[in-house]
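Now for the letters of each chain:
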Amino acid sequence: MNREKNNNKGFSAARVATDGVLLGLALIIFIVELAIPPLTPIPGIKAGLSNVITLFSMFTIGPVDTLIILILRIILGNIFSGNAFAMVYSFAGGILCYLTVLLLKKILTKDQVWVAGVFGAVVHNIGQILTAVLITKTPAIFSYLPVLIVSGIITGLFTGLIATMSVKKVTLFK
Amino acid sequence: MKTTDWIKIIGILFIVSVAAGLILWFLPARGKTANIYVDGECIKSIDLTLVSEPYEFTVTTGDGVNTVRVEKGRICVVSSDCPDKVCVETSWISDSGMPIVCLPHRLVIRIEKVSHADDNGFDAVTR
Amino acid sequence: MTKFREKRIRSSLCLGLLLIVFSFSACEGAAGKARTPHTSTFFAMDTVMSVTVYGDETAADEAEILVSDLEKKLSVTDENSDVARLNRDKSAVVSDDTYNVIKTSLELSERTDGAIDITVYPVVKAWGFTTGEYRVPSLEELGELLETVDHRKVDVSGENTETGENTVTIADDQTVDLGCIAKGYTGDAVIKMLKEKGVQSAIVNLGGNVQTLGMKPGGGLWNVGITDPFDLSGYAGSLYVREKCVITSGGYERYFTSENVRYHHIIDTKTGYPATSGLASVTVVGDSGVICDALSTALFALGLEKATEFYRNSEDFEAVFITESGELFITEGLRDAFTPLGNYENKKITVIEHENN
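Residues numbered from 1 in each chain as written. Chains lettered and ligands numbered in written order. Predicted model: local features only at pLDDT ≥ 70, side-chain atom pairs only at ≥ 80, totals over all residues. Heavy atoms only, no water.

**Let's talk about the overall build of chain A**
Each helix and strand counted, chain A has six helices and zero strands in total. Taken from N to C terminus, the helices and strands of chain A fall in the order α-α-α-α-α-α. Here chain A, with 174 residues, has 56% of them falling under the buried criterion. Summed over its atoms, the accessible surface of chain A is roughly 7,300 Å², and 78% of this surface lies on carbon and sulfur atoms. (Helix = DSSP H or I, 4+ residues; strand = E, 2+ residues; numbered from the N terminus. Buried < 20%, exposed > 50% of the residue type's maximum accessible area, 1.4 Å probe, protein only. Areas by Shrake-Rupley, 256 points an atom, 1.4 Å probe, with all protein chains shown as cover.)

Spelled out as structure tokens, the structure:
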């Protein structure tokens, strides 16, 4: 049973359970991430570690479920952490990362998942800066771009490698 | 694409960003005018080189109050009633690298070359 | 689960997602419209006025019509206006608006012990402020004219609730001019009309009288600048306000110089001379335009000490005072809202406490 093609088979118990577990993991990572001191003085910009779930899911259970988990994670995570403000940032970073990984998935092998991780993270950060500039209407925030691209590459590598290993090790869905 | 190609691409991106970051960091202080923006509009401009004695003032927005402290050559937000206090934690800024941002209050303090406050910084002028 | 049920769940999920995205963009769109300002700038009551309304496309123009309508009733120079007829016939049936303005002015005259008085018009005329033919009247002339200045002689008891016709009567030697509160009253009328139309965010500037409705569309407070009385192109400070009126009076607005002496237009109702109270400008902040308008003139004439006492006995306004020597005083309610600017940035600001020490 190739799970990737499961999109059309409806919400089986197994599917709901899997999605639920991944959502739970994503939320935990999200909350933990909030405890990390901000990289920049601009509030709302986070490290994007939760994107490891997006990465992993994309290469295992497919884009539809990944999107569902992503949106739920963003909404629930931000509401429960009490900071509705940050939701815009999460959406900007999360959705852009999702789209990037979705596109790259077509040309990457399972060994190259980490590449999607890097680009996903970088794009995630760019999305957050864009949002910050739009909200505060100060283009000067773009000056953080180099810092955030570099940190994006680093966290992207980190989450990417984790995701790569997990994807290769996972046999449940093969 | 081969993995090595990807490594090359990411490597180049990394180096370029580091270079850009270093250049921005070491850029000579572009000006010493602190511009205070609320909601994108410059509401106040302070020439930090002309400050003799330190002083404080408050900026009140519809969402709350920030107290700003000005000293010769530098400026900071010394207190705020916003929920996250990131603006206060940013502490002093003395050049154009980093702005002080209070997102809940839509307040941004940046050090730039010239004043960006203009007459239209006011919504109206009483006389 | 049947295929149909699965499909249903899938489609409702997709629909849900679409709705979320859609509502986000709809909010953005609606927010965008609500943030668009529409401004009407026009000339009325001898000055330039502007009305800026956010979100409503026609309200600003309607405000202009309302102002023009009020001017026709309240103007002292328009010979068909209520005021002109009253001055000519000494007793006249006037419109509700005119009646209200006169009544309110009398209440304020009582409250300020005559510091503001619509019957001071003959004195103002004598100085030439209405015609532009400035002159310094003699003490005798002023003495005679001052005899006519008495707000208590204005009779507004002629209110007829049956016919709806209100009669105002003044003494035979009196003439009145509603200029000291007309703009404040007009501002209040405009704000009221806008509110009735459902407008949530607007700012009007009637020849320097600023009145606001709600907050700025983004949720921020209005930033109102106060002109520096010693440098009319500069600012003394700024006030952040939410739905308040900010009205300033100062001798610098209108004056003439004769033999090296400056005579300004705010006449002291007791002496007949331009008020020499030691103040360069007074800015009054409050909810009512007509009260702020009247008080800014009255407090200017009264001077800092009496104004402070007046403030301590009142609950409906705050103020900023700038003295002739350039000192800055603000009432305690403005502590957070006021920011000094320009030449006043490093100056000492004295806060006037409300309670007597």
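Still more ground to cover, so stick around.
**With respect to the pairing of strand 2 (residues 41–47) of chain B**
Residues and elements named next belong to chain B. Here six bridges tie strand 1 (residues 33–38) to strand 2, and the two strands are oriented antiparallel to one another. Of the residues in strand 2, the one forming a bridge with Ile-36 is Lys-44. Between the antiparallel neighbours strand 1 and strand 2 lie two residues, among them Asp-39 with a positive phi of about 60 degrees. (Pairing = 2+ DSSP bridges.)

**Remarks on the interface of chain C and chain B**
On the side of chain B, 20 residues touch chain C, which itself brings 35 residues to the contact. Interface area for chain C against chain B, summed over the two sides, is near 2,300 Å², with a carbon-plus-sulfur share of 46%. When the area that chain C buries against chain B is broken down by residue, the three leading residues are Asn-223, Tyr-235 and Tyr-240 of chain C, summing to 23%. Here chain C and chain B share one salt bridge between them. Across the salt bridge formed by Lys-216 of chain C and Asp-123 of chain B, the nearest N and O atoms sit 3.1 Å from each other. Along the contact surface separating chain C from chain B lie nine residue pairs in polar contact (both at pLDDT 80 or more). Within the residue set of the side of chain C that touches chain B, elements represented by two or more residues are strand 6 (201–206), strand 8 (222–228), strand 9 (231–241), strand 10 (245–250) and strand 16 (338–340) of chain C. No other element matches strand 8 of chain C, which puts six residues into the side of chain C that touches chain B. (Contact = heavy atoms within 4.5 Å. Buried area = accessible area lost by both parts, 1.4 Å probe. Salt bridge = Lys/Arg side-chain N within 4 Å of Asp/Glu carboxyl O. Polar contact = N/O pair within 3.5 Å; in protein donor to acceptor, adjacent residues only side chain to side chain.)

**Thoughts on the sheet that holds strand 3 (residues 91–94) of chain C**
All names here are of chain C. Read from one edge of the open sheet, three strands run 3-5-4, paired in antiparallel fashion. Both edges of this open sheet fall to strand 3 and strand 4 (155–159), since each of them pairs with a single strand only. If you compare each strand with its neighbour and ignore which way they point, the axes differ by 25 degrees on average. Bridge count for strand 3 against strand 5 (residues 166–169) is four bridges, and the pairing is antiparallel. Paired with Val-93 across the two strands is Thr-167, which belongs to strand 5. With respect to the sheet, helix 3 (residues 82–89) is in contact with strand 3 and strand 5, its orientation differing from that of strand 3 by roughly 160 degrees. (Axes fitted to C-alpha atoms, helices over the stretch in contact; angles between N-to-C directions.)

**Things to note about the nonpolar core**
If you look at the biggest cluster of nonpolar residues, it comprises 48 residues, and the most contacted ones within it are Val-53, Ile-102, Val-168 and Leu-194 of chain C. Counting residues in each nonpolar core, the second largest holds 36 residues, with Ile-61, Ile-71, Met-87 and Tyr-98 of chain A among its members. (Core = buried A, V, L, I, M, F, W, Y, C linked by side-chain atoms within 4.5 Å.)

**Digging into the pattern of salt bridges**
Taken as a whole, this structure holds 16 salt bridges over all chains when the rule is applied. Glu-71 of chain B is paired through a salt bridge with Arg-69 of chain B; the nearest N and O atoms lie 3.6 Å apart. Arg-69 of chain B sits in the partly exposed class, given a relative accessible area of 23%. Between Asp-316 of chain C and Arg-111 of chain C there is a salt bridge, with its nearest N and O atoms 2.7 Å apart. In this pair, Asp-316 of chain C sits in the loop between helix 9 (304–312) and strand 14 (318–323) while Arg-111 of chain C sits in helix 4 (residues 96–111), placing the two residues 205 residues apart along the sequence. Asp-316 of chain C gets classed as partly exposed once you look at its relative accessible area, which sits at 32%. The class of Arg-111 of chain C is partly exposed, set by a relative accessible area of 31%. Among the charged side chains, a network of salt bridges with common partners joins Arg-69, Glu-71 and Arg-74 of chain B.

**Points about helix 4 of chain C**
Residues and elements named next belong to chain C. Over its 16 residues, helix 4 runs 22 Å from end to end, which matches the ideal 22 Å to within 8%, given 1.5 Å per residue. Those residues of helix 4 that fall on the buried side of the exposure criterion are Thr-98, Tyr-99, Val-101, Ile-102, Thr-104, Ser-105, Leu-106, Leu-108 and Ser-109. At the C-terminal side of helix 4, Asp-113 shows a positive phi close to 55 degrees. (Expected span 1.5 Å × (residues − 1).)

**Thoughts on the packing of helix 2 (residues 59–74) of chain C against helix 7 (residues 179–196) of chain C**
Residue and element names in this part refer to chain C. Two numbers describe how helix 2 lies on helix 7: the axes approach to 10 Å, and their chain directions differ by 145 degrees. As helix 2 runs across helix 7, the sense of the crossing is right-handed. Taking contact as the criterion, the partners of Ala-59, Glu-62, Ala-63, Leu-66, Val-67, Leu-70 and Leu-74 in helix 2 are, on helix 7, Ala-182, Tyr-185, Thr-186, Ala-189, Val-190, Met-193 and Leu-194. For the contact of helix 2 with helix 7, the residue count by class is 12 nonpolar, one polar and one charged. (Left-handed = near helix turned anticlockwise from the far one by under 90°. Nonpolar A, V, L, I, M, F, W, Y, C, P; charged D, E, K, R; others polar.)

**Focus on the environment of Val-101 of chain C**
Residue and element names in this part refer to chain C. Inspection of the secondary structure assignment puts Val-101 in helix 4. In the structure, Val-101 is positioned 84 residues away from Tyr-185 in sequence and 6.9 Å away in space, judged by C-alpha atoms. Look past the residues within four positions of Val-101 in its chain and what remains in contact with it is Leu-74, Leu-178, Ile-181 and Tyr-185.

**Things to note about the packing of aromatic side chains**
Inspection of the entire model under this criterion finds 12 aromatic pairs over all chains. Ring centres of Tyr-311 of chain C and Phe-317 of chain C lie 5.7 Å apart, and the angle between their planes is 70 degrees; on these two criteria the pair is classed as edge-to-face. Like Tyr-311 of chain C, the residue Phe-317 of chain C is buried in the burial classification. Joined through ring pairs, the aromatic side chains of Trp-127, Phe-129, Tyr-134, Phe-256, Tyr-263 and Tyr-273 of chain C make up one cluster. If you follow Arg-74 of chain B out to its NZ or CZ, it ends over the ring of Trp-92 of chain B, 3.9 Å from the centre. The positively charged end of Arg-262 of chain C is found above the aromatic ring belonging to Tyr-255 of chain C, 3.8 Å away from the centroid. (Phe/Tyr/Trp six-rings, centres within 6.5 Å; stacked < 30°, edge-to-face > 60°. Lys NZ or Arg CZ within 6 Å of the ring centre and 35° of its normal.)

**Digging into the sheet that holds strand 1 of chain B**
Strand pairing within a sheet occurs via backbone hydrogen bonds; the two strands may be parallel or antiparallel. Residue and element names in this part refer to chain B. Taken in spatial order, the four strands of this open sheet run 2-1-7-6, and their pairing is antiparallel. The strands lining the two open edges of the sheet, one partner per strand, are strand 2 and strand 6 (100–102). Strand-to-strand twist in this sheet, taken as the mean axis angle between neighbours without regard to direction, amounts to 20 degrees.

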